Amino acid sequence: MRMVLLGAPGAGKGTHCKRIVDQYGLLHLSSGDILRRERAEGSELGKQAQGYMDAGALVPDDLIVEMMSKAVKAAPASGYVLDGFPRTVNQAEALDRSLEDGDAGIDVVMNLLVDDGVVVERITGRRSCPQCGAVYHVVNMPPKQEGVCDHDGAALVQRPDDTAEVVKNRLATYYEQTKPVVDYYRARRTVHDVDGNADADAVAALLFEKLDALKG
Ligand code: AMP
């Protein structure tokens, strides 16, 4: 199964991709995670991306398309879930061109729908582990001990682009540049809308129900 999970920042793409890959044995390809790794390694790509990321803007398409085409080509035959990519119509077109069977190369497109107020509350409360990448929320998904990762005891951090100010820019960027990607896919295939406002377990149950039905 080759899948694209769409949704605004904070819609729960990362959280649900992790659950989906565990459940269905797929590879999680998150453009945001790959970029954060490149930054941590101090690579040329990481350096080029950091200014855009910290401002809540999109990294230029040519850099992202090259990075994600490589990741998709190296993915296993069992399939993958794309998280955070494509984020512009240009990227969606480039992805279709890079797949052997064009726009039939993606089997499932899911779209998580979340209200803006929920997005802001989720993102500003998000904390993550710099060591293992586990993600928490100060209210909705707190660690056992405040500020400490359940898995490895590392001190949790807030992503620099998860502040209230940057979230505003990220939402504006979403409406301007990423929402048209939903329409791009709708014109070509079924897009499965899923209400992502509820808590993570309830949303995961909806996603699994749809995916099980699609698998047949
Ligand atoms: P995310 O973790 O998906 O919210 O991504 C964090 C940041 O990485 C975004 O705000 C962008 O600056 C950048 N980014 C991630 N994916 C893309 C993409 N497909 N196109 C452009 N920029 C991206």
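Residues numbered from 1 in each chain as written. Predicted model: local features only at pLDDT ≥ 70, side-chain atom pairs only at ≥ 80, totals over all residues. Heavy atoms only, no water.

**Some details on the pairing of strand 3 (residues 80-83)**
Here comes step 1: Covered by surrounding structure in strand 3 are Tyr80 and Leu82 together with Val81 and Asp83, the residues of both alternating faces.
Here comes step 2: Bridge analysis of strand 1 (residues 2-7) against strand 3 gives four bridges, and the strand direction is parallel. Paired with Arg2 across the two strands is Tyr80, which belongs to strand 3.
Here comes step 3: The pairing of strand 2 (residues 27-30) with strand 3 spans four bridges and is classified as parallel. The partner of Leu27 across the bridge, within strand 3, is Tyr80. (Buried < 20%, exposed > 50% of the residue type's maximum accessible area, 1.4 Å probe, protein only. Helix = DSSP H or I, 4+ residues; strand = E, 2+ residues; numbered from the N terminus. Pairing = 2+ DSSP bridges.)

**Observations regarding the sheet that holds strand 4 (residues 108-113)**
Here comes step 1: Taking strand neighbours across the sheet as the criterion, the five strands line up as 2-3-1-4-7 in an open arrangement whose pairing is parallel. Looking at which strands have only one partner, the edges of the open sheet turn out to be strand 2 and strand 7 (191-195). Taking each pair of neighbouring strands and ignoring which way they run, the sheet shows an average axis angle of 20°. (Axes fitted to C-alpha atoms, helices over the stretch in contact; angles between N-to-C directions.)

**Concerning unusual backbone geometry**
Here comes step 1: Pro86 follows Phe85 through a cis peptide bond whose omega is -5°.
Here comes step 2: Within the fold, Pro86 resides in the loop between strand 3 and helix 5 (89-98).

**Observations regarding helix 2 (residues 31-41)**
Here comes step 1: Turning to helix 2, its buried residues number three or more, namely Ser31, Gly32, Ile34 and Leu35. Within helix 2, the buried residues cover an arc of 165° as seen down the axis, which keeps them to one side. Exposed residues pointing more than 90 degrees away from the buried face of helix 2 are listed as Ala40 and Glu41.
Here comes step 2: The inward-facing, buried residues of helix 2 contact strand 2, helix 3 (44-55), helix 4 (61-73) and strand 3. (Arc of directions from axis to C-beta. Contact = heavy atoms within 4.5 Å.)

**Quick word on the nonpolar core**
Here comes step 1: Formed by 53 residues in total, the largest nonpolar core has its most connected members in Ile20, Leu82 and Tyr185.
Here comes step 2: In terms of residue count, helix 7 (residues 164-186) provides more of this core than any other element does, seven residues in total.
Here comes step 3: Setting aside anything within four residues of it in sequence, one finds Leu82 in contact with Met3, Val4, Leu5, Leu29, Met68, Val72, Leu95 and Ile106.
Here comes step 4: Ranked by size, the runner-up nonpolar core spans six residues in total, among them Cys129, Ala134, Ala154 and Leu156. (Core = buried A, V, L, I, M, F, W, Y, C linked by side-chain atoms within 4.5 Å.)

**As for the packing of helix 2 against helix 3**
Here comes step 1: Interaxial distance between helix 2 and helix 3 falls to 8 Å at its minimum, and their mutual angle equals 120°. If you check the angle between helix 2 and helix 3, you find them oblique. Pair helix 2 / helix 3 crosses with left-handed handedness. Facing helix 2, whose interface residues are Gly32, Leu35, Arg36, Glu38 and Arg39, helix 3 presents Leu45, Gly46, Ala49, Gln50, Met53 and Asp54.
Here comes step 2: A class-by-class count of the residues in the contact of helix 2 with helix 3 yields four nonpolar, three polar and four charged. (Parallel < 35°, antiparallel > 145°, perpendicular 65-115°, else oblique. Left-handed = near helix turned anticlockwise from the far one by under 90°. Nonpolar A, V, L, I, M, F, W, Y, C, P; charged D, E, K, R; others polar.)

In short, the description is geometric, and any link to function would need to be established separately.
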